[in-house]
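One letter stands for each residue in the lines below.
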Amino acid sequence: MEIKEMQREVDSWITQFEEGYWNPLSMLARLAEEVGEFAREVNHQYGEKPKKPEEPMGDLTLELGDILFIVVCYANSLNIDLEDAFKRVMAKYRYRDSDRWTRKE
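Enquirer: Lay out the packing of aromatic side chains with the relevant residues and their values.
Expert: With the rule as written, the count across this model stands at two aromatic pairs. Summarising the aromatic geometry, the rings of W13 and F17 are spaced 5.0 Å apart at their centres and angled 70° between planes, so their arrangement reads as edge-to-face. Looking at W13, the relative accessible area reads 46%, which means it is partly exposed. When its relative accessible area of 37% is taken as the criterion, F17 is described as partly exposed. Ring geometry for W13 against F69: centres 6.1 Å apart, planes inclined by 75°, an arrangement best described as edge-to-face. Within this pair, whereas W13 is found in helix α1 (residues 3-14), its partner F69 is found in helix α3 (residues 60-77), the two being separated by 56 residues in sequence. For F69, a relative accessible area of 26% translates into the label partly exposed. An aromatic cluster is present here, built from W13, F17 and F69 joined pairwise through their rings.

Enquirer: I'd love a proper account of the nonpolar core, names of residues and values included.
Expert: Within the largest apolar cluster, nine residues are counted, these being V10, I14, M27, I70, V72, C73, Y74, A75 and L82. Looking at this core, the elements with two or more residues in it are α1 and α3. For this core, the leading source of residues is α3, giving five residues. When residues no more than four places from it in sequence are discounted, the contact partners of L82 are I3, Q7, V71, V72 and A75.

Enquirer: Which residues make up the confidence of the model for the protein, and what are the values?
Expert: Predicted confidence across the protein gives a mean pLDDT of 94, with 100% of residues reaching 70 or more. Per-element averaging of pLDDT across the protein places helix α4 (residues 82-96) at the bottom with 93 and α3 at the top with 98.

So, how was this worked out
Residues numbered from 1 in each chain as written. Predicted model: local features only at pLDDT ≥ 70, side-chain atom pairs only at ≥ 80, totals over all residues. Heavy atoms only, no water. Phe/Tyr/Trp six-rings, centres within 6.5 Å; stacked < 30°, edge-to-face > 60°. Buried < 20%, exposed > 50% of the residue type's maximum accessible area, 1.4 Å probe, protein only. Helix = DSSP H or I, 4+ residues; strand = E, 2+ residues; numbered from the N terminus. Core = buried A, V, L, I, M, F, W, Y, C linked by side-chain atoms within 4.5 Å. Contact = heavy atoms within 4.5 Å. pLDDT = per-residue confidence, 0-100.

Below is the structure:
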């Protein structure tokens, strides 16, 4: 799925509700919550904090999906084209970090 398609699908879903997109500060709080849930799960699976025996294993894929959803909501609410943003940020990394790490042979 193209990023533009994701943005359209999220917009179709959100705009069917009267409340629409949340304000930017509320979405930032939601993004922080989702990143926190992802971090907690990574810590459980790969870090020093194992889950309690009664806690079910979390799904990192779904946690990243939640982050992606709120990022798309944020972009839509601010009229940001994520494909353009991604192209611009990759150009920045290619220029800025081209000699930062050791290339594979």
